[in-house]
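An overview of the molecular structure
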Amino acid sequence: MGSFKVFALAVLCVLALNFYVGSAQLKTNFYSKSCPNVEKIVKQAVTNKFRQTFVTAPATLRLFFHDCMVRGCDASVMIQSSGGNKAEKDHPDNLSLAGDGFDTVIKAKAAVEKQCKNKVSCADILALATRDVIVLTGGPSYAVELGRRDGLKSTASSVTGNLPKPTQNLNQLNAIFSKVGLNQNDLVALSAAHSIGFSHCNHVQKRLFNWNSPNKVDPTLNAVYANQLKQQCPRNVDPRIAINMDPNTPRRFDIQYYKNLQQGKGLFTSDQVLFTDSRSRPVVDDWAVNAGNFNQAFKTAMTKLGRVGVLTGSKGNIRRRCDAFN
């Protein structure tokens, strides 16, 4: 084996070791002594916020995903830009993150601080809040591993190339997910986040009006659904106009997402490709009728996602404020 190959293998082994050492220190009862009521406190704060606005759910779920996929689950996505540093949240791929997600974590952090001062990280609060909004919208509950520390760095440049885009195909999506140790099944399961919430017209305009086909419409789109989208998002519409991700049950986290894909009603190319590509179609077909199989796969995927690049012990800290470094 050449020296370069040996070096590359050694680097990969070190990266893998760092990944598993951190995640191995996470445990569901991490705060059993330092803040035994943390889950109840976070759940109450999240529930209160959810009662104020449904957007709490999709916004928090998306915030968690965007955080973990960039530098790992360290709440670095919440940091405000300051001085000459442009933080993650100000990268173009993060500008559409709804403020209600940030507000949910900030409110939950404040509630936790009243009872357990400087004991619980923003990263762990975000992980707990994400599980809670999934349950509040009808999704499966799961045990959240805890013990993350908050990150000490947040740069917009670190976001580039690490988040999936609405236009990507299965190869491109798999490449992004594999970088953080997630496989194709994890990708298909986590895509169910698009079962709730909304997007904006600018993300579907090409599929409706500028596709490389005789009628300029993406042929994988259900014709009736395409016409409905055209009514909501006509050619010169304000690109910020919101449209539901799921045209049938947009406020319920359920397997309707996969039924939609079978019918050509995936809003993004990156959604519909999960059905049109023969490699992922069997899983879509199974989860469209078997909620039990989906729920188990989703819980597994969320647990794996929550372990990505975690900081533990002295590698991070516990922020006093989630949007600023101590």
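Before reading further, recall that the structure is shown in the block above.
Calculation criteria
- Residues numbered from 1 in each chain as written.
- Predicted model: local features only at pLDDT ≥ 70, side-chain atom pairs only at ≥ 80, totals over all residues.
- Heavy atoms only, no water.
- Helix = DSSP H or I, 4+ residues; strand = E, 2+ residues; numbered from the N terminus.
- Rg over C-alpha atoms; globule rule 2.2 N^0.38 Å.
- Buried < 20%, exposed > 50% of the residue type's maximum accessible area, 1.4 Å probe, protein only.
- Contact = heavy atoms within 4.5 Å.
- Areas by Shrake-Rupley, 256 points an atom, 1.4 Å probe, with all protein chains shown as cover.
- Lys, Arg positive; Asp, Glu negative; His and termini not counted.
- Charge placed at Lys NZ, Arg CZ, Asp CG, Glu CD.
- Core = buried A, V, L, I, M, F, W, Y, C linked by side-chain atoms within 4.5 Å.
- Axes fitted to C-alpha atoms, helices over the stretch in contact; angles between N-to-C directions.
- Parallel < 35°, antiparallel > 145°, perpendicular 65-115°, else oblique.
- Left-handed = near helix turned anticlockwise from the far one by under 90°.
- Nonpolar A, V, L, I, M, F, W, Y, C, P; charged D, E, K, R; others polar.
- Disulfide = S-S within 2.5 Å.
- Polar contact = N/O pair within 3.5 Å; in protein donor to acceptor, adjacent residues only side chain to side chain.
- Expected span 1.5 Å × (residues − 1).

Some details on the overall build of the protein
When helices and strands are tallied, the protein shows 13 helices and 2 strands. In summary, the protein has a C-alpha radius of gyration of 20 Å against a globular reference of 20 Å for 326 residues, a match within 12%. Counting every position in the protein, which comprises 326 residues, the buried fraction comes to 51%. Here the analysis covers contacts within the protein between residues at least 6 apart in sequence; of these, 74% occur between residues at least 24 apart. About 15200 Å² of surface is accessible on the protein, with carbon and sulfur atoms providing 53% of the total. Taking the average location of the 41 positive side-chain charges in the protein and that of its 23 negative ones, the two points are 2 Å from each other.

As for the nonpolar core
One finds Val42, Met69, Val112, Tyr258, Met302 and Leu305 to be the most contacted residues of the largest nonpolar core, which totals 76 residues. Top contributing element to this core by residue count: helix α5 (residues 122–136), with 9 residues. When residues no more than four places from it in sequence are discounted, the contact partners of Leu305 are Phe64, Phe65, Cys68, Met69, Cys73, Leu182 and Leu190. With 14 residues, the next largest nonpolar core counts Val217, Leu221, Leu229 and Leu267 among its residues.

Regarding the packing of helix α3 (residues 56–68) against α5
Direction vectors running N to C along α3 and α5 enclose 140°, while the axes themselves pass 9 Å from each other. Classified by the interaxial angle, the pair formed by α3 and α5 is oblique. For the element pair α3 and α5, the recorded crossing hand is left-handed. On α5, the residues touching Thr56, Ala57, Thr60, Leu61, Leu63, Phe64 and Asp67 of α3 are Leu126, Ala127, Ala129, Thr130, Val133 and Ile134. Grouping the amino acids of the contact of α3 with α5 by side-chain chemistry returns 9 nonpolar, 3 polar and 1 charged.

Side note on the state of the cysteines
Scanning the entire structure with this criterion turns up 4 disulfides. Disulfide pairing places Cys35 opposite Cys116 at an S-S distance of 2.1 Å. In this structure the cystine formed by Cys35 and Cys116 twists about its S-S bond by roughly 75°; its chirality is therefore right-handed. One end of the pair, Cys35, is in the loop between α1 (3–24) and α2 (38–52); the other, Cys116, is in the loop between α4 (99–115) and α5, with 81 residues separating them in the sequence. You'll find Cys35 and Cys116 in the same group, each marked buried. Each sulfur in the disulfide pair Cys68 and Cys73 lies 2.0 Å from the other. Looking along the S-S bond of the Cys68-Cys73 disulfide, the torsion reads about 120°, which is the right-handed sense. For the pair Cys68 and Cys73, one class covers both residues: buried. Indicated for the protein is the disulfide connectivity 1-4, 2-3, 5-8, 6-7, based on numbering the bonded cysteines in sequence order.

Re the side chain of Glu145
In this structure, Glu145 sits in the loop between α5 and α6 (170–178). Residue Glu145 is classed as buried on the basis of its relative accessible area, which comes to 17%. There is a polar contact of 2.8 Å between the side chain of Glu145 and the side chain of Arg307. In this view, Glu145 contacts Leu26, Lys27, Thr28, Asp124, Thr303 and Arg307; residues no more than four positions away in its chain are not counted.

Regarding α5
Spanning 15 residues, α5 covers 21 Å between terminal C-alpha atoms, matching the ideal 21 Å at 1.5 Å per step. Counted residue by residue, α5 has 13 buried out of 15 residues, so it is predominantly covered. Within two residues after α5, Gly138 carries a phi angle of roughly 100°, on the positive side.

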